[in-house]
2 protein chains.
Amino acid sequence: MAAKRSGAESKGSGRTGESPQSGQEPRNEPPLSLERIVATAVELLDAEGIDGLKMRRLADRLGAGAMSLYWHVDNKEKVFDLALDSVLEYRGPPEVDASRDWRGDVVHMLEDWRASMLRHPWSASLLPRRALGPNILGRLELLSKTLSGAGVADADLNVAIWSLWNFVIGATTTRANFDLSDDDRTAAQQRLTGLSQDYPTIERSRLLLDNDWDGAFRKGLDFLLDGLAPRQ
Amino acid sequence: MAAKRSGAESKGSGRTGESPQSGQEPRNEPPLSLERIVATAVELLDAEGIDGLKMRRLADRLGAGAMSLYWHVDNKEKVFDLALDSVLEYRGPPEVDASRDWRGDVVHMLEDWRASMLRHPWSASLLPRRALGPNILGRLELLSKTLSGAGVADADLNVAIWSLWNFVIGATTTRANFDLSDDDRTAAQQRLTGLSQDYPTIERSRLLLDNDWDGAFRKGLDFLLDGLAPRQ
DNA sequence: AATTGCATCGTACGACGTACGAGTCAATCG
DNA sequence: CGATTGACTCGTACGTCGTACGATGCAATT
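All figures in this text were calculated on a predicted structure; none of them were measured in a lab.

A separate point is the environment of Met 109 of chain B. All names here are of chain B. Turning to its location among the elements, Met 109 is positioned in helix α5 (residues 102-119). Along the primary structure Met 109 and Pro 93 are separated by 16 residues, whereas in three dimensions their C-alpha atoms are 6.8 Å apart. Once residues lying within four places of it in the same chain are set aside, the contact partners of Met 109 are Tyr 90, Pro 93, Arg 139, Leu 142 and Leu 143.

As a further point, take the relation of the copies chain B and chain A. For the pair chain B and chain A, the relating rotation is 180 degrees, the translation along its axis is 0.0 Å, and the fit reaches an RMSD of 0.1 Å. What the superposition gives is, in effect, a two-fold axis relating one chain to the other.

On to the domain arrangement of chain A, then. Residues and elements named next belong to chain A. One can read the domain layout of chain A as domain 1 (34-86) and domain 2 (102-228). Listed as interface residues are nine residues of domain 1 and, on the opposing side, twelve residues of domain 2. Residue assignment for the side of domain 1 that touches domain 2 shows that the elements contributing at least two residues are α1 (34-48) and α4 (76-86). Per-element tally for the side of domain 1 that touches domain 2: the top contributor is α4, with four residues. Taken together, the residues of the side of domain 1 that touches domain 2 sort by class into five nonpolar, one polar and three charged.

Across the contact, 41 residues belong to chain B and 41 residues belong to chain A. Counting only elements with at least two residues in the side of chain B that touches chain A, the list comes to α7 (134-149), α8 (154-176), α10 (200-205) and α11 (213-228) of chain B. Broken down by element, the side of chain B that touches chain A gets its largest block of residues, 15 residues, from α8 of chain B. Looking at the side of chain B that touches chain A residue by residue, the classes come out as 18 nonpolar, 14 polar and nine charged.

What follows is about the UniProt feature "domain: HTH tetR-type" (unreviewed entry) in chain A. If you check UniProt for "domain: HTH tetR-type" (unreviewed entry), the listed places come out as residues 31-91 of chain A in our numbering. Overall, residues 31-91 of chain A shows 61% helix and 0% strand. The separation of its end C-alpha atoms is 29 Å.

Moving on, we come to the packing of helix α8 (residues 154-176) of chain A against helix α11 (residues 213-228) of chain A. Residues and elements named next belong to chain A. Where α8 contacts α11, the axes come no closer than 11 Å and their chain directions differ by 165 degrees. When the interaxial angle is binned, α8 and α11 end up roughly antiparallel. Classified by chirality, the crossing of α11 by α8 is right-handed. Mapping the contact onto sequence places Ala 160, Ser 163, Leu 164, Phe 167, Ala 171 and Arg 175 in α8 and Trp 213, Phe 217, Gly 220, Leu 221, Leu 224 and Leu 228 in α11. Class assignment for the residues of the contact of α8 with α11 results in nine nonpolar, two polar and one charged.

Here the focus is the environment of Asn 211 of chain B. All names here are of chain B. Its place among the elements puts Asn 211 in the loop between α10 and α11. Judged by the 11 C-beta atoms lying within 10 Å of it, Asn 211 falls in the exposed class. Here the alpha-carbon distance between Asn 211 and Asp 198, two residues 13 residues apart in the chain, equals 22 Å.

This next bit is on the UniProt feature "DNA-binding region" (unreviewed entry) in chain A. With numbering matched to this structure, UniProt assigns "DNA-binding region" (unreviewed entry) to residues 54-73 of chain A. Secondary structure across residues 54-73 of chain A comprises 55% helix and 0% strand; the distance between its end C-alpha atoms is 14 Å.

Here we take up the packing of helix α7 (residues 134-149) of chain A against α8 of chain A. A pair of packed helices is captured by two measures, namely the crossing angle of their axes and the spacing between those axes. Residues and elements named next belong to chain A. Axis separation between α7 and α8 bottoms out at 10 Å; the angle between their running directions is 130 degrees. Here α8 runs oblique to α7, going by the angle between their axes. The interaxial crossing formed by α7 with α8 has right-handed handedness. Between α7, through Leu 140, Leu 143, Ser 144, Leu 147 and Ser 148, and α8, the contact on the second element is made entirely by Leu 157, Ala 160, Ile 161 and Leu 164. Looking at the contact of α7 with α8, its residues break down into seven nonpolar, two polar and no charged.

Parameters and conventions
Residues numbered from 1 in each chain as written. Chains lettered and ligands numbered in written order. Predicted model: local features only at pLDDT ≥ 70, side-chain atom pairs only at ≥ 80, totals over all residues. Helix = DSSP H or I, 4+ residues; strand = E, 2+ residues; numbered from the N terminus. Contact = placed C-beta atoms within 7 Å. Least-squares fit on C-alpha atoms with pLDDT ≥ 70 in both. Domains from an automatic or database assignment. Nonpolar A, V, L, I, M, F, W, Y, C, P; charged D, E, K, R; others polar. UniProt positions renumbered as here; feature names shortened; annotations may be inferred. Axes fitted to C-alpha atoms, helices over the stretch in contact; angles between N-to-C directions. Parallel < 35°, antiparallel > 145°, perpendicular 65-115°, else oblique. Left-handed = near helix turned anticlockwise from the far one by under 90°. Buried ≥ 20, exposed ≤ 12 C-beta atoms within 10 Å, placed from the backbone.

As structure tokens, then:
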């Protein structure tokens with residue numbers, strides 16, 4: 001197991017913040033911390049994509065040496081875990097007091113979930129193969145509670161949650177990986193149009209050409225919710 | 001662009017199969033070919049997982065030098081693309097002539113899809129971020145045709161297909177990455193039970209503990225299909 | 001003044017993807 | 001028949017990556 005800390009918080013250590021004056025370079029960087037590392041990792045991932053995250057580059061951005069990161073983090077995998085979960089925070093449905101319709105709450109949370117991931121497209125391809133962090137578990141718990149409160153039987157709860165989870169995961173990963181670049185997109189379109197005699201129905205339904213991802217997500221989600229809890 | 005071949009077929013080159021007798025090592029390996037490379041890549045992926053596929057190891061298994069692969073394949077990414085698509089072939093629904101119920105056909109194809117991917121767990125995490133190969137497109141085309149023939153309006157076709165796609169992708173990627181190892185699994189369970197006061201509803205619904213993945217998939221799919229095309 | 005423990009980082013190692021160019025061999029052509 | 005060509009193989013080498021290891025600095029404690 002790891003000897004270092006890797007799990008402790010660094011809060012409350014009461015830095016004076018005056019010391020790093022040795023006289024040479026303009027190093028006003030605050031000291032390293034898990035929070036700063038994770039935040040910068042998210043920046044880097046946003047800017048350079050999933051393959052753009054290298055420990056050396058991350059350290060550069062932090063004004064630190066590459067190996068300094070390893071005091072705060074076990075390895076690169078943990079950086080991914082933390083960055084992913086940090087992006088999936090959720091602050092609950094808009095309403096403060098009694099949430100009137102559970103369906104609206106569910107849709108709100110899932111659309112927010114999707115939006116959060118699409119704001120950081122790398123997160124989509126990461127989520128399915130990473131550990132479940134607290135923010136993810138929090139969302140699942142909220143979803144469970146809402147559905148349960150809406151009258152979904154415990155026996156169906158499991159299936160209902162997994163179905164919604166599957167839908168969100170599938171939709172976001174697909175979406176996030178379909179518009180990586182316009183080049184890819186137009187190339188794929190051309191290739192597909194060239195293949196349209198092989199796949200006529202796909203062509204006709206404009207399956208891969210339609211750009212209304214948001215609408216498709218919402219409509220599909222409605223269909224799924226209809227199936228899970230028929231209205232009346 | 002690539003200078004080599006990378007897209008041509010190697011069939012019909014009519015090897016005599018007698019030549020490689022130079023007298024030293026027991027090298028009875030057949031010559032390299034795209035097919036052999038892809039098949040061996042699948043073997044290696046099955047055995048060692050997604051991180052276990054290295055070009056040198058792949059070449060070793062093929063009894064070839066590492067750089068020999070690059071004559072047949074542009075780069076490692078292409079190996080992934082080809083391995084993925086090769087695993088997703090589909091031979092149609094069981095019935096030969098008139099397929100009686102479209103719903104049965106859809107379920108059969110999607111369950112087969114899921115089964116194919118779970119037989120090769122690495123494929124699940126690969127699918128969302130790779131190009132669409134012919135076998136994938138073939139399945140989508142079949143799905144389109146079936147749904148369209150079942151009376152789904154062209155306007156809804158897009159949403160319907162994406163919803164089903166999302167469901168399959170989400171279900172398989174999640175499933176494939178949740179039982180990588182028993183160690184991981186029991187560790188996660190313990191961690192979760194320790195956290196059960198934070199997530200009581202998850203705990204109660206046995207969300208992460210229930211092992212009936214197949215049943216959950218089937219039931220969720222039924223719910224979704226109910227929503228997409230209400231029975232009567 | 002000496003000790004301790006947190007934190008940083010330079011160096012180095014092994015593994016990886018793959019560019020490059022030399023090599024082999026069968027088929028083709030004069 | 002020898003020369004040429006083009007399909008195919010592979011050894012070497014380069015640059016980059018994650019990270020093990022140990023030295024170093026520095027603040028708080030003794």
